[in-house]
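# Coordinates in review
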Amino acid sequence: MKEKLKKIIRKLTWTYTPETEREASDSTVRNFILHWFPAKVTTKSISFSYSMVLGTIILALFVILTITGLILMFLYVPSVERAYWSIKDLNFVVSYGWFIRDLHRVAAHLMVAAVFLHLMRVFLTGAYKHSEKIVGSYRPLNWWIGISLLLVTMVLSYTGYLLPWDQLALWAITIGDHIALSAPLVGSAISKILIGGTIIDQNTLIRWYVAHVFLLPVIIFLLILWHMWRIRKDGGLAGVEALGTERIMQDKVVAKGKTYSLMGIVTGITPTITQYRVRGASVNASPYLTRRIIMIFILVTAITMGLALFIKAPLEEAASLMWTPNPAKAPWYFLWLQELVADTTIRTRSFTISGGLIGGILIPTVLLAFAVAWPLMDKSPDEAIGVWFHKSRRFQNALFLLICFIIIALIYVGAVMRGPSWHLYMPWQQWIKMPARF
Amino acid sequence: MQENKEEEKLPPVSRRKFLSYLGGSFIAGGFLLQGYAALKSLFPKVLYEPPTKFKIGMPADFPEGVRFMPEHRLFIIRNGDMFHGISAICTHLGCTVNLAQYSPPKTYDSSSGKPVSETYEFHCPCHGSKYRENGNIYAGPAPLPLPWFKLYMAPDGQIVVDTNTTVDHNFRLKV
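Residues numbered from 1 in each chain as written. Chains lettered and ligands numbered in written order. Predicted model: local features only at pLDDT ≥ 70, side-chain atom pairs only at ≥ 80, totals over all residues.

## Quick notes on the pairing of strand S6 (residues 115-123) of chain B
All names here are of chain B. Going by this rule: Between any two strands, at least two bridges found by DSSP are needed for them to pair. For the purposes of this entry, the term helix denotes a DSSP run of H or I that reaches at least four residues, the term strand denotes a run of E that reaches at least two, and both are numbered from the N terminus.
Sheet topology note: the strand S5 (residues 98-109)/S6 ladder contains eight bridges and is antiparallel. Its bridge partner lying in S6, Gln101 is registered against Tyr120. The loop that links S5 with its antiparallel partner S6 comprises five residues; one of these, Gly113, has a positive phi angle of about 95°. Inspection of the sheet shows S6 paired to strand S7 (residues 130-131) by two bridges, in the antiparallel sense. Each bridged residue has a counterpart across the sheet, and for His123 the counterpart in S7 is Lys130.

## Examining the interface of chain B and chain A
Applicable threshold: Residues are defined as contacting one another if the C-beta atoms placed from their backbone atoms lie within 7 Å. Gly is put with the polar residues, along with every residue not named as nonpolar or charged; the nonpolar set is Ala, Val, Leu, Ile, Met, Phe, Trp, Tyr, Cys and Pro, and the charged set is Asp, Glu, Lys and Arg.
At the interface, 23 residues of chain B touch 35 residues of chain A. For the side of chain B that touches chain A, the class distribution of residues is 13 nonpolar, seven polar and three charged.

## Here we look at the sheet that holds S6(B)
An order of S5-S6-S7-S8 (chain B) is seen for the four strands of this open sheet, with the pairing classed as antiparallel. Both edges of this open sheet fall to S5 and strand S8 (137-139) of chain B, since each of them pairs with a single strand only.

## Notes on the confidence of the model for chain B
The test is simple: A score between 0 and 100, pLDDT records how confident the predictor is in each residue.
Considering every residue of chain B, the mean pLDDT works out to 87; 94% of them sit at 70 or more. Prediction confidence for the complex, expressed as pTM and ipTM, is 0.84 and 0.80 respectively.

## Let's talk about the pairing of strand S10 (residues 159-167) of chain B
Residues and elements named next belong to chain B. In this sheet, S10 lies alongside strand S1 (residues 53-57) in antiparallel orientation, the contact comprising four bridges. In the strand pairing of S10, Lys55 is matched with Val160. Sheet topology note: the strand S9 (residues 148-153)/S10 ladder contains six bridges and is antiparallel. Paired with Phe149 across the bridge in S10 is Thr166. Following S9, the chain reverses through five residues before pairing antiparallel with S10; Gly157 in that reversal takes a positive phi of roughly 90°.

## Notes on the environment of Thr68(A)
All names here are of chain A. Along the chain, Thr68 falls in helix H4 (residues 54-75). Note: C-alpha distance between Thr68 and His118 (50 residues apart in sequence) is 23 Å. Once residues lying within four places of it in the same chain are set aside, the contact partners of Thr68 are Ile100, Leu103, His104 and Ala107.

## Concerning the packing of helix H6 (residues 97-124) of chain A against helix H7 (residues 139-162) of chain A
Residues and elements named next belong to chain A. To be explicit about the condition: Only the stretch in contact is used when fitting a helix axis, every axis being a line fitted to C-alpha atoms; angles between N-to-C directions are given from 0 to 180 degrees. Just so you know how the angles are binned, under 35 degrees is roughly parallel, over 145 roughly antiparallel, 65 to 115 roughly perpendicular, and the rest oblique. Two helices crossing with the near one rotated counterclockwise from the far one by less than a right angle form a left-handed crossing, whereas a clockwise rotation gives a right-handed crossing.
In contact at an axis separation of 10 Å, H6 and H7 are set at 160° when each is read in the N-to-C sense. When the interaxial angle is binned, H6 and H7 end up roughly antiparallel. Like other packed secondary-structure pairs, H6 and H7 cross with a definite hand, here left-handed. Contacts between H6 and H7 involve Ala108, Met111, Val112, Val115, Leu119 and Val122 on the former and, on the latter, Trp143, Gly146, Leu149, Leu150, Thr153, Met154, Ser157 and Gly160. Of the residues belonging to the contact of H6 with H7, the class tally is 10 nonpolar, four polar and no charged.

## Quick notes on the nonpolar core
Residues and elements named next belong to chain A. Rule in force here: By convention in this section, buried Ala, Val, Leu, Ile, Met, Phe, Trp, Tyr and Cys residues joined through C-beta atoms within 7 Å make up a nonpolar core. Counting other C-beta atoms within 10 Å of each residue's C-beta, where C-beta atoms are placed from the backbone, gives the exposure class: buried for 20 or more, exposed for 12 or fewer, partly exposed between.
In this structure, Leu61, Ala107, Met111, Ala169 and Ala172 are the most contacted members of the largest nonpolar core, which totals 95 residues. Element by element, the count of residues in this core is highest for H6, at 13 residues. Excluding residues within four positions of it along the chain, Ala169 makes contact with Tyr161, Leu162, Leu163, Pro164 and Ala319.

## Some points on helix H10 (residues 202-233) of chain A
Residue and element names in this part refer to chain A. Spelled out, the test is: Expected helix span is computed as 1.5 Å times (number of residues minus one). Fitting one axis to the seven residues ending at a residue and another to the seven starting there, the bend at that residue is the angle between the two axes.
An ideal rise of 1.5 Å per residue puts 46 Å on 32 residues; H10 measures up with 45 Å between its terminal C-alpha atoms. At Ala211, H10 shows its largest kink, close to 45°. Listing the buried residues of H10 in full gives Asn203, Thr204, Leu205, Trp208, His212, Val213, Ile220 and Lys233. Turning to H10, the residues buried within the fold contact H4, helix H5 (83-92), H7, helix H8 (167-181) and helix H9 (187-195). Positive backbone phi, approximately 85°, marks Gly235, located one or two places after H10.

Structure below.
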């Protein structure tokens, strides 16, 4: 335990002291940006068919979100009296305000989708598996960081669509708050922290605003850095394992003058990878990898901008607790949860458990626990690492796809088949006409 | 001499170690206290929120039957000179329920098998919970019936609602 703590502290602090000025200056190898990349990358790990470049796409979207978010911060006022009207101004008064807002929203939706697809890719290729082959690598850790990133992305989206302070925002907070309240024992304390009182008001808005524009972006940024650094530590994308990668244990001293910078943090091990000697298996990171990354950034920006021209961010009526829109629906990525909370109330003669607790808290927690424990439970052989649909993982892939299918099916039901008062309609049936207000 | 050496090795905690533990625990304690202060500051001590007891008007202002008071999120039901108040906040996840009125009255079989007729119901738009006239749940995910609030007369003759006090279904305010 103590040794582990020491190890963590050593990883957090820089203990490798350069001996000469030259060594120190060499560490940020000539180019600040290029020093993120390894000197060589395997052709497999930069091939589209293996990774589908989802991670880079997500990073590009995150950059777009950061830039547009910064502009929006100049134009948005986080007060219950003015928030709604500052968004109205953004849509109708501010020059190109509508475009910046639409771009921010489209990028956010794409990011949630891309993060989910990225998780599917990593699972289906078995890229989260630990192998002894690469010394110093531990891929499950990066899987767990990835899951945290998924959660933070979801919370960022949630806090984001609360800020316009329209009907969608208000009822989303109301439902979220009541899901928290349905938790036994800690429910009311969590609700107090979330909404800052017993009713949703200015306290709530300022909390969510600060979380959305500062706290969560800082957390996600640090997690992204860690996530990308871990890929380097793990010897590259998991696809390299099949190439017979080996990391040779060497004394720290040998590595010293040569490549420390990033590697200096790796205590006692140098990432000498023998498979780089395999002919044709690897290319120089620059330009092969850097060129791809630039292309992806340009493409993602172009596509997001194109979509933002056509997909308008909605703005419902100003927030009012007096009436609830009918039907009141969450954005698509939360619809499966909304469908779950609506369907999972359990009633017996003597007691009732609210769907808010089962569908809103217990089921997502169980799913999360399974996701976290999966790398430790997966006993498939090393050959399955970094291979799409490996035959030894047929059963778990099928199970995983089934869960994904159920989630997507629930989203479909929530989006298309739920009409006023959450009645079930077939896609071809007409919804009954409901007055907008009662 | 030999004994002396062993004694030198023996002390489990040297002065240096002791002081570093002491310093370390003070620093850790400081961080803990600051963390506690930060967390505690998120729990408001004063809530600038609307009161939970409020006047809703003179009895004569209320028509026979059910009236929705959106600003307070409750229904006031008048039956001759009897009044009672039912919350409009769905017990599932807090949406405002809608009033569904029926004319002619809707008839259903009660749990004892006798047909009962009612002129209105409460339907939640968020997840489809449905409540009877008296707030009892009969469909959808809501775990509890809609609570009834205590009503009483203010000295100036207005009806007061106390949303902090719930009452059972026999409660009626007679004016």
